[in-house]
Amino acid sequence: MFEKALKGNNYYWMWLAFLGLIIAIGFVSYLRQYFYGLGITGMGRDVSWGLYIAQFTFLVGVAAGGVMLVLPYYIHNFRAFGRITILGEFLAIAALLMCVLFIFVDLGQPLRAFNVMLHPTPSSMLFWDMCVLLGYMFLNILCGWVILTAERKQVAPPKWIYLFVYISIPFAISIHTVTAMLYCGLPGRHFWLSAIIAPRFLASAFAAGPALIVVMALILKRVANFDAGKEAIDKMVTIIIYAAIANMFFLALEFFVGYYSQIPGHMHSLEYLFFGLEHHGHVYNNLVPFMWAFILLFLVGMALLCYPATRKGSDLWLGVGCASIFIAFWLDKGIGFVLAGFLPNPTNEITQYYPHLNELLIAAGVWAIGFFVLTILYKIAIGVEHEIEA
Amino acid sequence: MDKKRRNFLKIAGISTLAGLGATTGLGRLVGGAQSAVAATEEAATAEQGNAVKQNAGDTPCVNRYGMLIDVRKFREDLSLGERVVQACHQEHNVPNIPVKKDEIKWIWMTHYENAFPEQPHLYLDQTNVEFQLPILCNHCDNPPCVRVCPTKATFRDANGVVIMDFHRCIGCRFCMAACPYGSRSFNWSDPRPFLDDATMNKDFPTRTRGVVEKCNFCTERTRVGLQPACVEACGDTKAIVFGNLNDPDSEIRQMLKQHHTVQRNPSLGTFPSVFYIV
Amino acid sequence: MYNGGKIITGLVIFVLLVTIPVWYNRGTTARSAPELVMPTNAKSCVLPAEEMRAKHMQLLNVWRDEVVRTGDTTSIVVEGKAYPKSLQLNCMECHTSKVNFCDKCHDYSSVTPYCWDCHIAPVE
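If you're wondering where the values come from, they're calculated on a predicted model, not measured in any experiment.

**Q** How should I be thinking about the overall build of chain C in this particular structure?
**A** The number of helices and strands found in chain C is six helices and two strands. When its helices and strands are written in sequence order, chain C yields α-α-α-β-β-α-α-α. Over its C-alpha trace chain C gives a radius of gyration of 22 Å, far above what one expects of a compact globule, namely 14 Å for 124 residues. Across chain C, the fraction of contacts at a sequence separation of at least 24, relative to all contacts at a separation of at least 6, is 56%. Surface accessibility of chain C: about 9000 Å² in total, with carbon and sulfur atoms responsible for 63%. Computing the positive centroid from 12 side-chain charges and the negative centroid from 12, chain C places the two 8 Å apart.

**Q** Please explain the environment of Thr74(C) as it appears in this structure.
**A** Residues and elements named next belong to chain C. Looking at the secondary structure, you find threonine 74 in the loop between helix 3 (49-70) and strand 1 (76-78). In this structure, the C-alpha to C-alpha distance between threonine 74 and histidine 56, residues 18 residues apart in sequence, is 19 Å. Here the side chain of threonine 74 touches aspartate 72 through a polar contact of 2.7 Å, side chain to side chain.

**Q** Please clarify how the interface of chain A and chain B should be interpreted in this entry.
**A** Many authors give the size of an interface as the accessible area that is lost as the parts come together. Across the contact, 42 residues belong to chain A and 48 residues belong to chain B. Of the roughly 3600 Å² buried between chain A and chain B on both sides combined, carbon and sulfur atoms contribute 53%. Our enumeration of links across chain A and chain B arrives at one salt bridge. The closest approach of N and O atoms between Asp106(A) and Arg173(B), which form a salt bridge, is 2.6 Å. For the side of chain A that touches chain B, the secondary structure elements donating two or more residues are helix 1 (10-36), helix 5 (115-118) and helix 6 (125-152) of chain A. Of the residues assigned to the side of chain A that touches chain B, the class counts are 18 nonpolar, 19 polar and five charged.

**Q** Explain the nonpolar core here, please?
**A** Side chains that are nonpolar tend, in soluble globular proteins, to be buried together. Ranked by internal contacts, the top residues of the largest apolar core, which has 159 residues, are Phe294(A), Ile325(A) and Phe329(A). Looking at which element gives the most residues to this core, the answer is helix 8 (residues 197-223) of chain A, with 17 residues. Contact partners of Phe294(A), with chain neighbours within four places excluded, come to Met248(A), Leu251(A), Phe274(A), Ala328(A), Phe329(A), Leu331(A) and Asp332(A). Grouped together as the second largest cluster of nonpolar side chains are 37 residues, Ile97(B), Ile107(B), Phe116(B) and Val161(B) included.

**Q** Looking at this model, I keep getting lost on the layout of surface pockets. Mind explaining?
**A** To find the voids left in a structure, one rolls a probe of water-molecule size over its atoms. Taken as a whole, the largest pocket spans an internal volume of roughly 1400 Å³. Lining the largest pocket are 46 residues, and of these His167(B), Pro205(B), Val67(C), Val68(C) and His119(C) sit closest to its centre. Among the elements that take part in the lining of the largest pocket, helix 3 of chain C stands out by supplying eight residues, more than any other. Residues belonging to the lining of the largest pocket are distributed by class as follows: 20 nonpolar, 13 polar and 13 charged.

**Q** How should the confidence of the model for chain B be read in this particular structure?
**A** Parts of the prediction with low pLDDT should not have their coordinates interpreted in detail. For chain B, mean pLDDT is 86; residues scoring 70 or higher make up 87% of the total. In this model residues 32-59 of chain B is a low-confidence stretch, pLDDT under 50, and it forms 29 contacts with partners more than four residues away in sequence or in other chains.

**Q** What is the right way to read the sheet that holds strand 9 (residues 274-277) of chain B from this model?
**A** Think of a sheet as strands paired side by side through backbone hydrogen bonds, with each pair either parallel or antiparallel. All names here are of chain B. Spatially, 8-1-9 is the arrangement adopted by the three strands of the open sheet, whose pairing is mixed. The outermost strands of the open sheet, each flanked by one partner alone, are strand 8 (240-244) and strand 9. Sheet twist, expressed as the average angle between the axes of neighbouring strands with direction ignored, equals 20°. Of the pairings in the sheet, the one linking strand 1 (residues 65-70) to strand 8 comprises five bridges and is antiparallel in character. Counted as the bridge partner of isoleucine 69 is isoleucine 240 from strand 8. Strands strand 1, strand 8 and strand 9 of the sheet are contacted by helix 10 (residues 251-258), whose axis makes an angle of about 120° with strand 8.

**Q** Mind showing me how you'd approach the pairing of strand 9 of chain B here?
**A** On any regular strand, side chains alternate: one points to one face of the sheet, the next to the other face. All names here are of chain B. Of the two faces of strand 9, both are covered, the one formed by Val274 and Tyr276 as well as the one formed by Phe275 and Ile277. Bridge analysis of strand 1 against strand 9 gives four bridges, and the strand direction is parallel. Bridged to isoleucine 69 within strand 9 is tyrosine 276.

**Q** So what exactly am I meant to see when it comes to the packing of aromatic side chains here?
**A** One pair of aromatic rings is described through two measures. These are the centre distance and the angle between the planes. What the rule picks out here adds up to 41 aromatic pairs over all chains. Three or more aromatic residues link up through ring pairs in this structure, and these residues are Trp49(A), Tyr183(A), Phe191(A), Trp192(A), Phe201(A), Phe337(A), Phe342(A) and Phe174(B).

Criteria and thresholds
- Residues numbered from 1 in each chain as written.
- Chains lettered and ligands numbered in written order.
- Predicted model: local features only at pLDDT ≥ 70, side-chain atom pairs only at ≥ 80, totals over all residues.
- Heavy atoms only, no water.
- Helix = DSSP H or I, 4+ residues; strand = E, 2+ residues; numbered from the N terminus.
- Rg over C-alpha atoms; globule rule 2.2 N^0.38 Å.
- Contact = heavy atoms within 4.5 Å.
- Areas by Shrake-Rupley, 256 points an atom, 1.4 Å probe, with all protein chains shown as cover.
- Lys, Arg positive; Asp, Glu negative; His and termini not counted.
- Charge placed at Lys NZ, Arg CZ, Asp CG, Glu CD.
- Polar contact = N/O pair within 3.5 Å; in protein donor to acceptor, adjacent residues only side chain to side chain.
- Buried area = accessible area lost by both parts, 1.4 Å probe.
- Salt bridge = Lys/Arg side-chain N within 4 Å of Asp/Glu carboxyl O.
- Nonpolar A, V, L, I, M, F, W, Y, C, P; charged D, E, K, R; others polar.
- Core = buried A, V, L, I, M, F, W, Y, C linked by side-chain atoms within 4.5 Å.
- Buried < 20%, exposed > 50% of the residue type's maximum accessible area, 1.4 Å probe, protein only.
- 1 Å grid on protein atoms, 1.4 Å probe; cavity = no way out; pocket = protein on both sides within 12 Å on 5 of 7 lines; lining within 4 Å.
- Points joined across faces, edges and corners; volume = space filled by probe spheres on them.
- pLDDT = per-residue confidence, 0-100.
- Pairing = 2+ DSSP bridges.
- Axes fitted to C-alpha atoms, helices over the stretch in contact; angles between N-to-C directions.
- Phe/Tyr/Trp six-rings, centres within 6.5 Å; stacked < 30°, edge-to-face > 60°.

Have a look at this one:
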């Protein structure tokens, strides 16, 4: 089916070339980082995880979001999702590829990455993260490919594939739960030491993932003559709305726990994120604009998604609304969550984190690789759809 | 009853039996192995006098090396702190990196409110406002860093020392996130340019870029009968005392009995091996 | 042959590229086997020379895991002499020159072990 990706109009090739350029720049930047060391980034002794791990955390959520299409269709027989589960599965593959790449570029000794497999350590959540991420990627590749091939041949998919589809559902939940467990079991980081981290991750995943899928579906309607169907899009928007509200509810609970108990460990990181943290006469607030942008984008997105005229009447405003939600949760998880955990550090000192240019270029390169793979996969999926419609 | 219910009960019954049988069987096999290990452990510790039962640490150790830092001595001699840090960093080729975010430190002097952030800082006594004390890796008995390392590059050895295997570390920095005391440093670039060729300790390797490092309780010295470098730098002052916490007759245990000591952030359940007389 | 000219040209270039290791260093000194400067203070090593040549990296890995991970620093006893399990404190005591010993074979076989990123090579 790969031959479907080799035929496209000029816009398709220009888009791939544009992504290819970003990938090339990212690759050169990575070589610079590989030979100098991670000091070329903005990370340091106090903020030892930065942009890369933050992007990884967010993208695991986006990958998990695909389950919001698979679950209603395969378990609850929601027929309207029939055409677009493939979009969710392929998005999961691209997102997981980005996750693995972000971890790889973040490693100090990337050539030793296989040590995680050679010396399995069940007590380490990073080991389990590797297991479930690779497992889910394999499941999505298998299920997506087999079912798409069956569709192309216009036969029912083989019965044994449903076993893997059903297994992929708890796997989807597990990838984000295990990623949350990376954070919520660390005794020294009070911002992360909360049971609600995993539910919060899942809620924002189930909002951000489908939001991206809706935006993709609307774009595909425009450029590739692929209509996901009004009912499917509408149901996804409903899922996005409830998941987004759940995430904000959990965030509000975090605020309550921190500010009502007034315990510094629970309060200071939130204060740093949203209001600026005062420490020894200096106010640390470099992330405050991002967090309020997150709140604003969430409200704008919710308004656009809930108001019927924009939700059902206009593809453009629906797309803008979903994009707002996606960017809002990217700010929340991809920037706010990881960076604030390191501040204040275990010895009560404050170091703010600023990404460096090389780091941003590498991150852009990885995102471009993800979108490149996503474009190719979607081209294949749509090519098959058009073929069977003909 | 109808056939389907009968089948369900049959399958449920057999699965329960199989499950219980498998878990007990497995438990016996594993338990057998564990008791064999515990037996050899006890035989070893019994040789050193009354063995003290390990508290909640997950790896049973023969010895348990620990340190007692008498902060009062560091106040009496203000240059002692720097001498201790220099001794350690010199011995282990710890580079001196001018960029603060990339710095590497195994032991360093800091203020009371940074060493004990869970203690109150308001209306602190004058001595603790003015003077500093050394902090280092606590070589915890229940170390979160060991728990999270995905490759077992950091692990607890038979002496209770949390050791880094620089060959295996993949530089994921999960241990740095997990350490509740901020004891770990990462090599953000090649450390060699920041080391002086003339004064390097040729008997101890440097590290390469991309691995995490921290205090190792001078394992390379203690295994040949020497005291750790920081302890040696204190001379006769007994500002830092090093010994086997599992040996009730050791000097460190005697001093722990005589003085009131505190530990860093004890409520986290890490059971540090470093004690402070403040 | 259809397109014969391009095919023959392509084949010739391909064969030349693939046989580079055979003809590139013809006649230069890079072809000759490395000459090692042997240590003067000892006649025998921990293992016979052939075994060392084949297995010195495996030996060092085993020593490393024993010393670092298991804490087992018991010396290796060979022909009555006790050797510590260490590159810097044992091997380099006799093979004192990295340039004249280690690098000679490594350069010839184009191997760049990263031992020296950490372990301190003697100043030459």
